[in-house]
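Residues per chain, in single letters:
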Amino acid sequence: LGPGRSAEDIEQARAALELARKGQSRRSQLYANYAETLILPYEERVVEQAERLIEFLRLLDPNSHEFVDLRAWATHALACLARELFLPQALPEIERQLGGLPWPADFAHNSFQTLKSLAWARALQGDYFNAFRHLKHASEVADTTAWKVVAACDRSYLARCFDEHRWSRVELDEAERLASSVDWNTTIAEERMGLLLLAELFGAIDASRS
């Protein structure tokens, strides 16, 4: 499945899923369950997708190296949904998965984006302490300095949201310091959001630097 898929494509995906469910091993069943979470958003059933992701992750041991790829992908997907929707029931499971064994280096970006999404999900519930904590952790696991800039900008904006302007400025200065060491011409397009965030945050306090 991918963007712009038709009803026929979704129907074929469902048919393939039913065949996959006939597998007898735990591995085949887990992969089939995960596959369904990928189909649901194309059916415009995102709340059900979140529910299925929670159920799916509860089957996986965060302290096992087994199925680490499924854990990383599913936790990342659930965190993104929790950032966009009001899903307080999802947050304990996301934190349980993140609290287990560290994900392999190949999943460093998934870990970063999961923590970032979890932080904003916490912030939307008014839990600014844990939101800030998760954004600090996101900086620690970020696989590039450009992403560390993004996390620092997020922390600055979060502090500004609850009128901690001195704290916000400290984080903004940290973001600017980190940004000065990045060769932005070699970054991927998504990473360059760090520069835009810096400009927007400085816009309210120093237009020339913005």
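What comes next is a walk through the structure. If you're wondering where the values come from, they're calculated on a predicted model, not measured in any experiment. (Residues numbered from 1 in each chain as written. Predicted model: local features only at pLDDT ≥ 70, side-chain atom pairs only at ≥ 80, totals over all residues. Heavy atoms only, no water.)

**Considering the packing of aromatic side chains**
Inference 1: Per the stated rule, a full pass over the model turns up eight aromatic pairs.
Inference 2: Note on Trp73 and Phe107: the rings are 6.0 Å apart at their centroids and 65 degrees apart in plane angle, and the pair reads as edge-to-face. Of the two residues, Trp73 sits in helix H4 (residues 68–84) while Phe107 sits in the loop between helix H5 (91–98) and helix H6 (108–124), which places them 34 residues apart along the sequence.
Inference 3: Given the relative accessible area of 36%, Trp73 is considered partly exposed.
Inference 4: Taking relative accessible area as the criterion, Phe107 reaches 13% and is therefore assigned buried. (Phe/Tyr/Trp six-rings, centres within 6.5 Å; stacked < 30°, edge-to-face > 60°. Helix = DSSP H or I, 4+ residues; strand = E, 2+ residues; numbered from the N terminus. Buried < 20%, exposed > 50% of the residue type's maximum accessible area, 1.4 Å probe, protein only.)

**What about the packing of H6 against helix H8 (residues 145–161)?**
Inference 1: One way to put it is that H6 packs onto H8 with a least axis distance of 12 Å and a crossing angle of 5 degrees. As far as their axial angle goes, H8 and H6 are roughly parallel. For the pair formed by H6 and H8, the contact residues are His109, Phe112, Gln113, Lys116, Trp120 and Ala123 on the first element and Trp147, Val150, Ala151, Asp154, Tyr157 and Leu158 on the second.
Inference 2: Split into classes, the residues belonging to the contact of H6 with H8 amount to eight nonpolar, two polar and two charged. (Axes fitted to C-alpha atoms, helices over the stretch in contact; angles between N-to-C directions. Parallel < 35°, antiparallel > 145°, perpendicular 65-115°, else oblique. Contact = heavy atoms within 4.5 Å. Nonpolar A, V, L, I, M, F, W, Y, C, P; charged D, E, K, R; others polar.)

**Observations concerning the packing of H5 against H6**
In helix packing, the relevant descriptors are the interaxial angle and the interaxial distance, both defined with respect to the helix axes.
Inference 1: One can describe the packing of H5 onto H6 by two numbers: an axis separation of 11 Å at closest approach and a directional angle of 145 degrees. Read as a crossing pair, H5 and H6 show a hand that is left-handed. Here H5 contributes Leu91, Ile94, Glu95 and Leu98 to the contact with H6, which in turn contributes Thr114, Leu115, Leu118, Ala121 and Arg122.
Inference 2: In terms of residue class, the contact of H5 with H6 is built from six nonpolar, one polar and two charged. (Left-handed = near helix turned anticlockwise from the far one by under 90°.)

**Quick word on H8**
The α-helix advances 3.6 residues per turn, and as a result positions three or four apart in sequence lie on the same side.
Inference 1: With 17 residues, H8 should reach 24 Å at 1.5 Å per residue; the first-to-last C-alpha distance of 24 Å fits that figure.
Inference 2: Counted residue by residue, H8 has twelve buried out of 17 residues, so it is predominantly covered.
Inference 3: Taken together, the buried positions of H8 are occupied by Ala146, Trp147, Val149, Val150, Ala151, Ala152, Cys153, Asp154, Arg155, Ser156, Leu158 and Ala159.
Inference 4: The elements touched by buried residues of H8 are H6, helix H7 (128–141), helix H9 (165–179) and helix H10 (193–203).
Inference 5: Once H8 finishes, Asp163 follows within two positions and takes phi at roughly 60 degrees, a positive value. (Expected span 1.5 Å × (residues − 1).)

**A word on the nonpolar core**
Inference 1: Phe56, Leu78, Ile94, Val149 and Leu198 are the most contacted members of the largest nonpolar core, which totals 47 residues.
Inference 2: Broken down by secondary-structure element, the contributors of at least two residues to this core are helix H2 (26–39), helix H3 (46–58), H4, H5, H6, H8, H9 and H10.
Inference 3: It is H4 that contributes the most residues to this core, eight residues altogether.
Inference 4: Among residues more than four places away in sequence, those in contact with Ile94 are Thr75, Leu78, Ala79, Ala82, Thr114 and Leu118.
Inference 5: By size, the runner-up hydrophobic cluster in this structure holds seven residues, among which are Ala119, Ala123, Phe132 and Leu135. (Core = buried A, V, L, I, M, F, W, Y, C linked by side-chain atoms within 4.5 Å.)

**Quick look at the pattern of salt bridges**
Inference 1: According to the stated counting rule, one finds twelve salt bridges in the structure shown.
Inference 2: For the salt bridge of Glu171 with Arg155, the shortest nitrogen-to-oxygen distance reads 2.9 Å. Taken together, the residues span a long stretch of sequence, with Glu171 in helix H9 and Arg155 in helix H8 at a distance of 16 residues. Taken as a pair, Glu171 and Arg155 share a single burial class, namely buried.
Inference 3: Arg169 is the partner of Asp173 in a salt bridge, and the nearest nitrogen-oxygen pair spans 3.0 Å. Taken together, the residues Asp173 and Arg169, both in helix H9 and four residues apart, mark about one turn of the helix.
Inference 4: Judged by its relative accessible area of 31%, Arg169 falls in the partly exposed class.
Inference 5: Each of the salt bridges in this network shares a partner with another, and the network as a whole consists of Glu36, Glu43, Arg45, Glu48 and Arg52. (Salt bridge = Lys/Arg side-chain N within 4 Å of Asp/Glu carboxyl O.)

**Observations concerning the side chain of Thr187**
Inference 1: In this structure, Thr187 sits in the loop between H9 and H10.
Inference 2: Of the residues examined, Thr187 reaches a relative accessible area of 10% and is grouped as buried.
Inference 3: Within the structure, the side chain of Thr187 is placed 2.8 Å from the backbone oxygen of Trp184, a separation counted as a polar contact.
Inference 4: For Thr187, the residues in contact, after removing those within four places along its chain, are Ala146, Val182 and Arg192. (Polar contact = N/O pair within 3.5 Å; in protein donor to acceptor, adjacent residues only side chain to side chain.)

On their own, these measurements won't tell you what the molecule is for.
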